[in-house]
Amino acid sequence: MTDIGREYGIAVSDSSTVFAYLSDKKSPSKKDEVNIVLVEKVSQSRQILATPNLRRLIIEMYSVFDRCEKNSSRDKPLDTASCCTFSRAYRSVLYNAAVSHSSSDFMTDFALWSLYEKLWFGRGDSSICSDLISWANEPFTFFRDATERAAESVEPNKAPEEDFWKGVAINLLSCNFSDCRELLGLLGKSPEYDAFINVLSSFKPDDLSDEALKDTVNEWKELMQENLINRKYGNNENLKYLAKLLLGEERYLASMAPRVLAHWWQFLPFYVLVRNPFAKYQELIDLADECRTIFVGVEEDEGARENDVFWCLISKNDINFQQLISSNPWLAVHLVDLIQKATLNPEFEEMRKMHMLDYASALISHSPLWEIGAGYLISCGTEGLLRLDAHIEGLHIEDDEMAEQLLDICEDYQLKDSKNCVTNTMTFRYLKQNEWSAALAWALKTGSKKTIDWTVSRIISGGSKEELAALRVLESIATHSVLSLPSLTFLYAYQHFIKMMHNGNVIGCVQHLIPLIMMPDVPTQYYYDLFDYMITIIKEDSRSGIPFSKQVLYELSTFLSTFSLDKEKELNECYMKKVKTLKKMVLLKLADSIAKGLPLA
């Protein structure tokens, strides 16, 4: 027996699909049965968004975005200081995510954003080499583990092992000279180590930003060269190797960097320092090209450079750069948005909108993050509002708070279809639960006569007299708004009548009951009870002395005559008998009033 199955997919949301598998696998005794298996496949984006730490990242990134949106203008670019402030806030969120996740991916995102900030958002009052060194000291956290391992490997009266020198080399090539000096200091006092440490101590990155101090930097390199010539490092081949790295000898750079570092861009700050510390931007591209070639090798896969996001950033290949970061929404959306706000470049505006629309759509389909998704869509103008309108209609509304938030958005941005969807959804939900006050409250928010009439009809037909008397929402309705719809007018008047009846206010009952009976559009099923109340009151008239004016009795008799003719085919025999009885009693009461000479009104 074989499994020959067919698969049918039904999309139940943007982030989930239910698959129905129909199998032909049958047992001989159950020939007419079909095996159906339903399996929900959750999209990868929904699984990712369900991660608590990632949700925190998304919320914090949106918080920065919201502040940036409120403090920027469509017509005026962000000034440099503001741009750097928001950039630091964004990368701070990325850094916290990298630490909490212990994720190399987030740390790479942090490194990429930080490098962009240094190269393009900065004030430009420091040298590129100085910026690169300060950049290396922020995202390059991998040297910390190497430093710890190197320190732990040191044993008294023993020559340092390979792990120690590897740790020193990693710190040196990462431009982390302070830890490099501390590690060498662990080996104790010796002329060789002291000479090398003194050279490292004489280097001051701030001098790189001052063209007048160019000779100072050269003196630092000249001192290293003199130490080698004068054999200040003795027979310590490791120190000599490190010295040649600092002097920028290509053979040593090409040999060491790929062995201790994971990526060529981690090597770039050191390479620029030792090759051309006063390089300008155009020279940086050439230096980056050399650095990458030394690290990766001359021969590499076709298209490797175009797929290298750090190379595209440095070489200002904006098209490829944006394509490469697009797979990482929290990076692409916010970095491109900040670039666009800083430059007002139309090309970035299109890319910003594309990234943001896709990102927002993924968020809004995930219930806990819908409000953030809506915020991004609103920032995309007309196109974003159109997409928001479509998404709201497919959202699962969790509770009243969410519904109220959605309603506020719909009213603020005139999303009429979505507003109707939200209000109708909540109205029908509460009608189904027999929550009459809540249902009517939401029906009134629709502003639709058809919906309000239908809701009132459901409430009147499904609610008990006690429930109708307890409708809280009617108490807050102003008389003029009630009178705008007959169904509401009836419900409002009927509730007052029921309350007076429960309180034993007979005269008040009469004053409300007769106008209530003669109202237009009274639900037919209510006439029977209203007629019963009227018959009872007329019977009690002889004992209680309830005043009936001839005018009111005349109008009521006229109404009952018309009612009998209009409803004769609709009402059953018992109902018609009730109408005839009441009509007879009203006519007798009217005749009695005329005989006694009671006033007309």
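A quick note: this is a predicted structure, and the numbers were derived from the prediction, not measured.

A separate point is the overall build of the protein chain. A count of helical and extended segments in the protein chain gives 31 helices and three strands. Considering the protein chain as a whole, with its 601 residues, one finds that 46% of them fall into the buried category.

With that out of the way, let us pick up helix H24 (residues 449–462). Helix length check: H24, at 14 residues, gives a terminal C-alpha distance of 20 Å against a target of 20 Å (1.5 Å per residue), a fit within 8%. Buried within H24 we find Thr451, Ile452, Thr455, Val456, Ile459 and Ile460. In a view along the axis of H24, the buried residues occupy a sector of 160°, so they form one face of it. In H24, the exposed positions that point more than 90 degrees away from the buried face belong to Lys450 and Ser461.

This next bit is on a negative patch on the surface. On the surface, a cluster of negative charge is made up of Asp215, Glu219, Glu222 and Glu226. Residue position: Glu226 is located in helix H10 (residues 214–229). Glu226 gets classed as partly exposed once you look at its relative accessible area, which sits at 44%.

Time to look at the side chain of Lys240. By the element assignment, Lys240 lies in helix H11 (residues 237–246). With residues near it in sequence (within four places) discarded, Lys240 still touches Leu228, Tyr233, Gly234 and Asn235.

So, on to the environment of Leu530. Position of Leu530 relative to the elements: it lies in helix H29 (residues 524–544). On the basis of relative accessibility, which here comes to 0%, the residue Leu530 falls in the buried class. For the pair formed by Leu530 and Leu513, sequence separation is 17 residues and the distance between their alpha carbons is 7.3 Å. Apart from residues lying up to four places away in sequence, Leu530 is in contact with Phe490, Tyr494, Leu513, Leu516, Ile517 and Val522.

Counting all residues, the mean pLDDT for the protein chain is 83, and 87% of those residues have values of 70 or more. Least confident of the elements in the protein chain is strand E1 (residues 5–13), whose mean pLDDT is 47; most confident is helix H19 (residues 370–378), at 95. For the stretch residues 1–15, pLDDT sits under 50, and the model shows 38 contacts to residues farther than four places along the chain or on other chains. For the stretch residues 40–47, pLDDT sits under 50, and the model shows 15 contacts to residues farther than four places along the chain or on other chains.

Attention now goes to the nonpolar core. Residues Phe196, Trp264, Phe267, Phe270 and Tyr376 are the most contacted members of the largest nonpolar core, which totals 191 residues. The element that contributes the greatest number of residues to this core is helix H4 (residues 104–121), accounting for ten residues. Filtering out sequence-adjacent residues up to four positions away, Phe267 remains in contact with Leu173, Leu253, Ala257, Leu261, Cys291, Ile294 and Phe295.

Quick look at the pattern of salt bridges now. In the structure shown here, the tally under the stated rule is 20 salt bridges. Salt-bridge contacts for Glu69 lead to Lys341; the nearest nitrogen and oxygen are separated by 2.8 Å. With Glu69 in helix H2 (residues 52–70) and Lys341 in helix H17 (residues 329–343), this pair connects stretches of sequence that are 272 residues apart. Accessibility expressed as a relative area gives 5% for Lys341, which makes it buried. In this structure, the salt-bridge partner of Lys240 is Glu237, at a minimum N-O distance of 3.4 Å. Taken together, the residues span about one helical turn, with Lys240 and Glu237 both in helix H11 at a distance of three residues. Through salt bridges with shared partners, a single network forms among Glu69, Arg74, Asp337, Lys341 and Arg352.

Within a pair of aromatic rings, the relevant descriptors are the distance that separates the centres and the angle that separates the planes. A full pass over the atoms with the stated rule returns 24 aromatic pairs. Here Tyr95 and Phe110 contribute two aromatic rings whose centre-to-centre distance is 5.1 Å and whose plane-to-plane angle is 55°, an arrangement assigned as tilted. Placement of the pair is Tyr95 in helix H3 (residues 80–101) and Phe110 in helix H4, with a sequence separation of 15 residues. Between the aromatic rings of Trp120 and Tyr281, the centroid separation amounts to 4.9 Å while the plane-to-plane angle is 70°, which identifies the pairing as edge-to-face. Placement of the pair is Trp120 in helix H4 and Tyr281 in helix H14 (residues 281–296), with a sequence separation of 161 residues. Given a relative accessible area of 27%, Trp120 falls into the partly exposed group. Among the aromatic side chains, those forming a connected cluster through ring pairs are Tyr116, Trp120, Phe121, Tyr281 and Phe321. Between Lys445 and the ring centre of Trp442, over which it is positioned, the NZ or CZ distance is 4.2 Å.

Cut-off values and rules
Residues numbered from 1 in each chain as written. Predicted model: local features only at pLDDT ≥ 70, side-chain atom pairs only at ≥ 80, totals over all residues. Heavy atoms only, no water. Helix = DSSP H or I, 4+ residues; strand = E, 2+ residues; numbered from the N terminus. Buried < 20%, exposed > 50% of the residue type's maximum accessible area, 1.4 Å probe, protein only. Expected span 1.5 Å × (residues − 1). Arc of directions from axis to C-beta. Patch = residues over 30% accessible without salt bridge, like charges linked within 9 Å, V, L, I, M, F, W, Y side chains within 5 Å. Areas by Shrake-Rupley, 256 points an atom, 1.4 Å probe, with all protein chains shown as cover. Salt bridge = Lys/Arg side-chain N within 4 Å of Asp/Glu carboxyl O. Lys, Arg positive; Asp, Glu negative; His and termini not counted. Charge placed at Lys NZ, Arg CZ, Asp CG, Glu CD. Contact = heavy atoms within 4.5 Å. pLDDT = per-residue confidence, 0-100. Core = buried A, V, L, I, M, F, W, Y, C linked by side-chain atoms within 4.5 Å. Phe/Tyr/Trp six-rings, centres within 6.5 Å; stacked < 30°, edge-to-face > 60°. Lys NZ or Arg CZ within 6 Å of the ring centre and 35° of its normal.

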